[in-house]
Amino acid sequence: MKKKLISTTYLKEATKYQMKFYLDEEDYYISVKKLIHITDKFIIRYGIVAMDDGYYVIEIIPKTGHQAIRIFLDESKNLIEYYFDIIKESGLDAETKIPYFLDLYLDITVLSNGETHVIDEDEFERAYKIGDITKEEYDLVLKEKDKLLTEIKNNTNKLMHIDYHKYL
């Protein structure tokens, strides 16, 4: 299982960026990263650029629950993609006081056109086979995946409805 601090995710190509944290929201932690300069564009399916100079990456980590979301926006603040991580837990790192989550490998993306993809299934299955996640965590992921896909289909996922523009 991977522990991810929101201060370091999706920044390895960034040579210059601005980052803001919002730790005092009642139900979640938020980080907003404005990418000033990156060395290589981050390209997802169908040649869509998800990260480039002037783009934004917003991360919302609930204080409870098993979904974290990353929102990719272009330089005009238009939605490119929602990227969900299914997680075991989240909190503030004891040493750094930076929000983190424990990633359970399986992810779901939703493009701006509504197209949905379940990704990293092979990584998830491998993590289970080598004992990196337990049977209980494996079952949790499958249950959360089904729940999340239903929420996306019915447009009821609360993380997708947070007014993230007020943090930009």
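Here is what the cut-offs are and how they apply
- Residues numbered from 1 in each chain as written.
- Predicted model: local features only at pLDDT ≥ 70, side-chain atom pairs only at ≥ 80, totals over all residues.
- Heavy atoms only, no water.
- Helix = DSSP H or I, 4+ residues; strand = E, 2+ residues; numbered from the N terminus.
- Rg over C-alpha atoms; globule rule 2.2 N^0.38 Å.
- Buried < 20%, exposed > 50% of the residue type's maximum accessible area, 1.4 Å probe, protein only.
- Contact = heavy atoms within 4.5 Å.
- Core = buried A, V, L, I, M, F, W, Y, C linked by side-chain atoms within 4.5 Å.
- Salt bridge = Lys/Arg side-chain N within 4 Å of Asp/Glu carboxyl O.
- Pairing = 2+ DSSP bridges.
- 1 Å grid on protein atoms, 1.4 Å probe; cavity = no way out; pocket = protein on both sides within 12 Å on 5 of 7 lines; lining within 4 Å.
- Points joined across faces, edges and corners; volume = space filled by probe spheres on them.
- Nonpolar A, V, L, I, M, F, W, Y, C, P; charged D, E, K, R; others polar.
- pLDDT = per-residue confidence, 0-100.
- Axes fitted to C-alpha atoms, helices over the stretch in contact; angles between N-to-C directions.
- Parallel < 35°, antiparallel > 145°, perpendicular 65-115°, else oblique.
- Left-handed = near helix turned anticlockwise from the far one by under 90°.

**Here we look at the overall build of the chain**
Then comes step 1: Looking only at helices and strands, the chain has two helices and 10 strands in total.
Then comes step 2: What you see in the chain, going N to C, is helices and strands ordered as β-β-β-β-β-β-β-β-β-β-α-α.
Then comes step 3: Computed over its C-alpha atoms, the radius of gyration of the chain comes to 16 Å, within 12% of the 15 Å expected for a compact globule of 168 residues.
Then comes step 4: For the chain, the C-alpha atoms occupy an extent of roughly 40 × 40 × 30 Å along the three principal directions.
Then comes step 5: Relative to its 168 residues, the chain shows a buried fraction of 48%.
Then comes step 6: Summarising the internal contacts of the chain: among those between residues at least 6 apart in sequence, 50% fall at separations of at least 24.

**With respect to the nonpolar core**
Then comes step 1: If you look at the biggest cluster of nonpolar residues, it comprises 20 residues, and the most contacted ones within it are Ile58, Ile60, Ile69, Ile71, Tyr82 and Phe84.
Then comes step 2: Apart from residues lying up to four places away in sequence, Tyr82 is in contact with Ile69, Arg70, Ile71, Ile108, Thr109, Val110, Met160 and Tyr164.

**Quick notes on the pattern of salt bridges**
Then comes step 1: Scanning the entire structure with this criterion turns up 10 salt bridges.
Then comes step 2: In this structure, Arg70 and Asp85 form a salt bridge, with 2.9 Å as the shortest nitrogen-oxygen distance. Of this pair, Arg70 sits in strand β7 (residues 67–73) while Asp85 sits in strand β8 (residues 79–92); the two residues are 15 residues apart in sequence, bridging distant segments of the chain. Both residues of the pair, Arg70 and Asp85, belong to the buried class.
Then comes step 3: The partner of Glu137 in a salt bridge is Lys88, with the nearest N and O atoms 2.8 Å apart.

**Regarding the pairing of strand β6 (residues 56–62)**
Then comes step 1: Counting buried positions along β6 gives seven out of seven residues, so the element sits mostly inside the fold.
Then comes step 2: Here β6 shows a buried face lined by Tyr56, Ile58, Ile60 and Pro62 and a second buried face lined by Val57, Glu59 and Ile61.
Then comes step 3: Bridge count between strand β3 (residues 28–38) and β6: seven bridges; the pairing is antiparallel. When the sheet's bridge partners are listed, Lys34 is paired in β6 with Tyr56.
Then comes step 4: The antiparallel pairing of β6 with β7 creates a hairpin that spans four residues between the two strands, and Gly65 there sits at a positive phi of about 105 degrees.

**A short note on the layout of surface pockets**
Then comes step 1: Considering only enclosed or pocket space, the largest pocket measures out at about 320 Å³ in volume.
Then comes step 2: What lines the largest pocket is a set of 20 residues, among which Lys4, Tyr10, Phe42, Arg70 and Tyr83 lie closest to the centre.
Then comes step 3: For the lining of the largest pocket, the secondary structure elements donating two or more residues are β1 (2–5), β8 and β9 (99–111).
Then comes step 4: Tallied by class, residues from the lining of the largest pocket come to seven nonpolar, one polar and 12 charged.

**Observations concerning the side chain of Glu137**
Then comes step 1: Within the element layout of this structure, Glu137 appears in helix α2 (residues 135–154).
Then comes step 2: Excluding its chain neighbours within four sequence positions, the residues that come into contact with Glu137 are Met1, Lys88, Leu104 and Asp132.

**Quick notes on the confidence of the model for the chain**
Then comes step 1: In this model, the chain carries an average pLDDT of 94, and 100% of its residues clear a pLDDT of 70 or more.
Then comes step 2: Confidence, read as mean pLDDT per element, is least for strand β4 (residues 42–43) in the chain (89) and greatest for α2 (98).

**Some words on the packing of helix α1 (residues 121–129) against α2**
Then comes step 1: Relative to each other, α1 and α2 sit at 155 degrees, their axes nearing to 10 Å. Between α1 and α2, the crossing angle belongs to the class labelled roughly antiparallel. Every pair of crossing elements has a handedness; the one defined by α1 and α2 is left-handed. Taken together, the residues of α2 that come into contact with α1 (itself represented by Glu121, Phe124, Glu125 and Tyr128) are Lys135, Tyr138, Val141, Leu142 and Lys145.

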